[in-house]
Amino acid sequence: MSKNSIELGIGSFEYRLTERKRELVGFVMNEEWWNAERALGDCIGFSAVIDELKYQAELAEVDND
């Protein structure tokens, strides 16, 4: 996986995370607890993917040195 595709993936998941957080706030404000729980789970997953992709980007930099 190239560094550019990793960076593209990071950007994509950061966008998804931001949008899902907005939805989460709306669900909480409207007391839609089931939807809020699902949105929170998505946020946790997106955050984990971002962390892993950032780690993979660091490894790609080390391999290129």
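Scroll up to find the structure.
Here the structure is a predicted model, which is why all the values come from computation and not from measurement. (Residues numbered from 1 in each chain as written. Predicted model: local features only at pLDDT ≥ 70, side-chain atom pairs only at ≥ 80, totals over all residues. Heavy atoms only, no water.)

(A) Spatial organisation of the pattern of salt bridges. For the coordinates displayed, the defined rule picks out four salt bridges. In this structure, Arg-22 engages Glu-19 in a salt bridge whose closest nitrogen and oxygen atoms are separated by 2.6 Å. One end of the pair, Arg-22, and the other, Glu-19, are both in helix H1 (residues 3-29), three residues apart, so they sit about a helical turn from each other. Under the relative-accessibility criterion, Glu-19 is labelled partly exposed at 28%. In this structure, Glu-23 and Arg-20 form a salt bridge, with 2.5 Å as the shortest nitrogen-oxygen distance. Separated by three residues within a single helix, Glu-23 and Arg-20 lie in helix H1, roughly one turn from each other. We classify Arg-20 as buried; its relative accessible area is 17%. Overlapping salt bridges, with partners in common, bring together Arg-20, Glu-23 and Asp-42 in one network. (Salt bridge = Lys/Arg side-chain N within 4 Å of Asp/Glu carboxyl O. Helix = DSSP H or I, 4+ residues; strand = E, 2+ residues; numbered from the N terminus. Buried < 20%, exposed > 50% of the residue type's maximum accessible area, 1.4 Å probe, protein only.)

(B) How the structure looks around H1. Helix length check: H1 (27 residues) gives 39 Å between terminal C-alpha atoms against 39 Å at 1.5 Å per residue, within 8%. Among the residues of H1, Ile-6, Gly-9, Ile-10, Phe-13, Leu-17, Arg-20, Leu-24 and Phe-27 are the ones counted as buried. Immediately beyond the C-terminal end of H1, within one or two residues, lies Glu-31, with a positive phi of roughly 55°. (Expected span 1.5 Å × (residues − 1).)

(C) Representation of the nonpolar core in the model. By size, the foremost hydrophobic cluster in this structure holds 10 residues: Ile-6, Ile-10, Phe-13, Leu-17, Cys-43, Phe-46, Ile-50, Leu-53, Ala-57 and Ala-60. When residues of this core are traced back to their parent elements, those giving at least two are H1 and helix H2 (33-64). The leading source of residues in this core is H2, at six residues. With residues near it in sequence (within four places) discarded, Leu-53 still touches Ile-6, Gly-9, Ile-10 and Phe-13. (Core = buried A, V, L, I, M, F, W, Y, C linked by side-chain atoms within 4.5 Å. Contact = heavy atoms within 4.5 Å.)

(D) Region of the structure containing the packing of aromatic side chains. Summed over all chains, the structure comprises one aromatic pair. One residue, Arg-16, lies across the ring of Phe-13, its end atom 4.6 Å from the ring centre. (Phe/Tyr/Trp six-rings, centres within 6.5 Å; stacked < 30°, edge-to-face > 60°. Lys NZ or Arg CZ within 6 Å of the ring centre and 35° of its normal.)

(E) Summary view of the environment of Glu-19. Considered as a pair, Glu-19 and Ala-39 are 20 residues apart in the sequence and their alpha carbons are 10.0 Å apart. Among the polar contacts listed, one links the side chain of Glu-19 to the side chain of Arg-22, at a separation of 2.6 Å. (Polar contact = N/O pair within 3.5 Å; in protein donor to acceptor, adjacent residues only side chain to side chain.)

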